[in-house]
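The lines below spell out each chain.
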Amino acid sequence: MSAAMDTESTYSGYSHYSGHSKKAHRQGRDRHKSPRSKDGSRSEKSVTIQTPPAEPLLGNDASRAEEGQDDNWGETTTAITGTSEHSISQEDIARISKDLEDSVGLDCKRYLGLTVAAVLGLLVFLTPIAFILLPQILWRDDLEPCGTVCEGLFISVAFKLLILLIGTWALFFRQPKADLPRVFVFRALLLVLIFLFVFSYWLFYGVRILDSKDTNYQGIVQYAVSLVDALLFIHYLAIVLLELRQLQPMFTVKVVRSTDGEARYYSLGHLSIQRAALMVLENYYRDFTVYNPALLTASKSRAAKHMAGLKVYNVDGPGNNASGQSRAMIAAAARRRDSSHNELYYEEADHERRVRKRRARLVVAVEEAFTHIKRLQAEEQQKAPGEMMDPREAAQAIFPSMARALQKYLRTTRQQQYHSMESILQHLSFCITNNMTPKAFLERYLNPGPTLQYDRDRWFSKQWTLVSEEAVTSGLQDGVVFVLKCLDFSLVVNVKKIPFIKLSEEFIDPKSHKFVLRLQSETSV
């Protein structure tokens, strides 16, 4: 989609806050007919990151035109409304269909594992009850009377099964956080162990009790109690392997974002590579600032501008090869390298100056807007019922007074694609409802926050790719490096083992703290 179309779709969200003439409508229809750019259309579509449904506060092209605008552009700017359309190519259709097929395969694998675990769990809980009831059903008249001892064992089995049921629900019945590429090894081993254990008990029960029709009912009930006790011990083993083993920190991982180099450090225990990758992603959404590709285009555009200013003339005729021209351009770029740092310095200084100025304007505008709101007390609500507003209406009333200052600040800091007008209104109404100050309202926009702070559709990637030279089911080791890739960037994870620390003790006698005052014959005056 072209830059004109992005601007039109952006300003359409502000059409009810600014008037426009018929000439502006004609300009919008003429600009709507402009040809679409392939780069623009491709930037709005992706497979692993969902396209945001809401219109952003400003168009993406606003940051490109920022350098050519003065500080008073808002007084002479007319908002142009228009419509936008989306296009899609055959390549994108094929990619989307492949992504759908992969998601269907992951869902089948997940539901198959849940089904197997549910069937095995049902078998485990019904087995002790079946051991007790089958003799009563098949040869009840031949059983020896058990009396009070069996009744006590019945109570013991009932309470142990209840404890086992609660523990199993707390440990295994959880909402899955992610779809891992491989099975969880310890969980699979526990399922196999439980299956073999229950199968062995059934085999012994069928051979020694069902075939011979044992009449010792007390021994049969004790056999069922021993099964429940063994299942409780297996549950304790599951707690140790699945929960307690990974609590002690053993490794330190360094996570670096490949695009801007932002890094964080985390401590992990004994985990497999795929589970360590899952924990890294959970911490990434919480700790890393949101990925903003607009901040990375300045250096690329500056390098392209320097290379575009070089001209190479072929004085030897058309027979000269292209390698000589490339060497000449590289040499010329190296000679201009000494002066490029001055341009970078002044560009950054000018950008910081504009950010500080527009930040000050935004703070003043928000503070003035908040002064027009007053929370009514219970006795005051009955005096002027016609002037009362709910938080949403109050936010819509004061938003136009701060909209232009916020708009210009977000464009200068290149944050406009992460804040739609609807999200700003919701945040403003939230602050009004909870009686928050203007500084609390501005905290989200003055400092780029973590990824989870923004709308889910604007940052969430539904698919990550784990790249590792080692098997993803193997445990973490010193020096292991793996990469987590998404559509726009990747996270490089380097694992280091926490070194063994040896502490020694040194005792100091409290009586040894004795001092002497040393006086000099000549003192300074």
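Residues numbered from 1 in each chain as written. Predicted model: local features only at pLDDT ≥ 70, side-chain atom pairs only at ≥ 80, totals over all residues. Heavy atoms only, no water.

## Quick notes on the overall build of the protein chain
Scanning the protein chain for helices and strands turns up 15 helices and five strands. By the burial criterion, 33% of the 525 residues in the protein chain qualify as buried. Summarising the internal contacts of the protein chain: among those between residues at least 6 apart in sequence, 79% fall at separations of at least 24. Carbon and sulfur atoms make up 58% of the accessible area of the protein chain, which totals about 33700 Å². (Helix = DSSP H or I, 4+ residues; strand = E, 2+ residues; numbered from the N terminus. Buried < 20%, exposed > 50% of the residue type's maximum accessible area, 1.4 Å probe, protein only. Contact = heavy atoms within 4.5 Å. Areas by Shrake-Rupley, 256 points an atom, 1.4 Å probe, with all protein chains shown as cover.)

## What to know about the pattern of salt bridges
Counted by the stated rule, this structure contains eight salt bridges. Here the salt bridges share partners, and the residues they tie into one network are Arg257, Asp260, Glu262 and Arg264. (Salt bridge = Lys/Arg side-chain N within 4 Å of Asp/Glu carboxyl O.)

## What about the UniProt feature "transmembrane region" (unreviewed entry) in the protein chain?
UniProt tags residues 111-133, 153-172, 184-204 and 224-244 as "transmembrane region" (unreviewed entry). Between the end C-alpha atoms of residues 111-133 the distance is 32 Å, and the span holds 100% helix and 0% strand. Here residues 224-244 runs as 100% helix and 0% strand, with 29 Å between its end C-alpha atoms. (UniProt positions renumbered as here; feature names shortened; annotations may be inferred.)

## Side note on the environment of Leu268
Looking at the secondary structure, you find Leu268 in strand E2 (residues 263-268). Taking C-alpha positions, Leu268 is 7.4 Å from Val253, a pair spaced 15 residues apart along the chain. Setting aside its immediate chain neighbours within four residues, Leu268 contacts Gln248, Pro249, Met250, Phe251, Val253, Ala276, Met279 and Leu476.

## Observations concerning the nonpolar core
Of all hydrophobic cores here, the largest spans 31 residues; its most connected members are Phe131, Phe197 and Tyr217. Looking at this core element by element, the count peaks at twelve residues for helix H7 (residues 217-244). If we ignore the near neighbours within four places in the chain, the residues touching Phe131 are Tyr201, Trp202, Tyr205, Ile220, Tyr223, Ala224 and Leu227. (Core = buried A, V, L, I, M, F, W, Y, C linked by side-chain atoms within 4.5 Å.)

## As for the sheet that holds strand E4 (residues 481-485)
Taken in spatial order, the five strands make up an open sheet running E2-E1-E5-E4-E3, and their pairing is antiparallel. If you trace the sheet from one side to the other, it starts and ends with E2 and strand E3 (465-468), each paired once. Each adjacent strand pair in this sheet contributes to an overall mean axis angle of 25°, direction not counted. Where E4 lies against strand E5 (residues 490-497), five bridges are found, and the strand directions are antiparallel. By the bridge assignment for E5, Val483 is matched with Val492. Strands in contact with helix H8 (residues 273-287) are strand E1 (251-257), E2, E3, E4 and E5; relative to E2, the strand with the most contacts, it is inclined by about 135°. (Pairing = 2+ DSSP bridges. Axes fitted to C-alpha atoms, helices over the stretch in contact; angles between N-to-C directions.)

## Describing helix H13 (residues 421-433)
Given 3.6 residues per turn, any residue in an α-helix points the same way as the ones three and four places further on. With 13 residues, H13 should cover 18 Å at 1.5 Å per step; its first-to-last C-alpha distance of 18 Å lies within 8% of that length. Listed as buried for H13 are Met421, Ser423, Ile424, Leu425, His427, Leu428, Ser429, Cys431 and Ile432. Following H13 by one or two positions, Asn435 adopts a phi angle in the positive range, close to 55°. (Expected span 1.5 Å × (residues − 1).)

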